[in-house]
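Topology and contacts: notes
In case you want the letters, here they are:
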Amino acid sequence: MPVFERHVFVCTHGDWCPAVDGDGVGVHARLKQLVRDRGLAGRVRVNHSGCFSQCGNGPMAVVYPDGVWYAALTPADAEEIVDRHLVGGQPVERLRYDPATMGGHKLERDADGRPRGRRGAWPAGPGRPER
């Protein structure tokens with residue numbers, strides 16, 4: 001039997017996800033709070049993570065054992081991830097990150113620090129357009 005049903009890792013370290021591309025630290029805090037509020041703390045674990053080598057696509061999170069990756073997250077997205085995915089078992093398709101190839105996918109940046117080729121709004125935050 002696994003120790004936890006699901007384990008969520010959120011990039012909160014590195015140069016970009018925690019603050020420049022959005023609020024990775026806030027995403028982590030909100031997921032952790034909602035997991036506690038929903039009574040899932042004994043079944044679902046939310047942890048800080050180092051860099052996922054997907055810089056420019058963040059803030060990022062990954063849910064195991066499902067292997068579902070999420071990109072360009074905001075703290076406001078946490079409720080939908082908890083309710084639909086962690087409780088309901090259905091990944092949130094509009095937030096999924098599914099690159100065509102495995103491995104690192106760090107985006108190059110322009111002179112202003114904006115990631116080139118990013119699919120989501122930059123920076124991830126309030127008022128961003130739907131994908």
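Structure first, text after, so check above.
A short tour of the structure in this document, coming up.

Conventions we followed
Residues numbered from 1 in each chain as written. Predicted model: local features only at pLDDT ≥ 70, side-chain atom pairs only at ≥ 80, totals over all residues. Heavy atoms only, no water. Buried < 20%, exposed > 50% of the residue type's maximum accessible area, 1.4 Å probe, protein only. Helix = DSSP H or I, 4+ residues; strand = E, 2+ residues; numbered from the N terminus. Arc of directions from axis to C-beta. Pairing = 2+ DSSP bridges. Expected span 1.5 Å × (residues − 1). Axes fitted to C-alpha atoms, helices over the stretch in contact; angles between N-to-C directions. Contact = heavy atoms within 4.5 Å. Polar contact = N/O pair within 3.5 Å; in protein donor to acceptor, adjacent residues only side chain to side chain.

Side note on helix H2 (residues 78–87)
For H2, the complete set of buried residues consists of Ala78, Ile81, Val82, His85 and Leu86. End-on view of H2: buried residues confined to an arc of 115°, all on one side of the axis. Where H2 ends, the next residue or the one after it, Gly89, has phi of about 80°, a positive value.

So, the pairing of strand S2 (residues 44–49)
Across six bridges, strand S1 (residues 6–11) lies against S2 in parallel orientation. Residue pairing in the sheet places Val10 in a bridge with His48 of S2.

Concerning helix H1 (residues 24–37)
Here H1 spans 20 Å end to end across 14 residues, near enough to the 20 Å set by a 1.5 Å rise per residue. When we look at burial in H1, the residues that qualify are Gly24, Gly26, Val27, His28, Leu31, Leu34 and Val35. Directly after H1, the chain includes Gly39, whose backbone phi takes a positive value near 70°.

Some words on the sheet that holds S1
Pairing within the open sheet is mixed, and its four strands lie in the order S2-S1-S3-S4. The open sheet has two edge strands, S2 and strand S4 (68–70), and neither has a second partner. Between one strand axis and the next, the sheet turns through 20° on average, direction left out of account. Pairing of strand S3 (residues 61–64) with S4 involves three bridges; the strand directions are antiparallel. What sits directly across from Val62, in S4, is Trp69. Against the sheet, H1 makes contact with S1 and S2, and its axis sits at roughly 165° relative to S2, the strand it touches most.

Let's talk about the side chain of Asn57
Within the element layout of this structure, Asn57 appears in the loop between S2 and S3. In terms of polar contacts, Asn57 uses its side chain to reach the side chain of Tyr97, at 3.4 Å. There is a polar contact of 3.2 Å between the side chain of Asn57 and the backbone oxygen of His105. Excluding its chain neighbours within four sequence positions, the residues that come into contact with Asn57 are Asp21, Ala71, Ala72, Tyr97, His105, Leu107 and Arg118.

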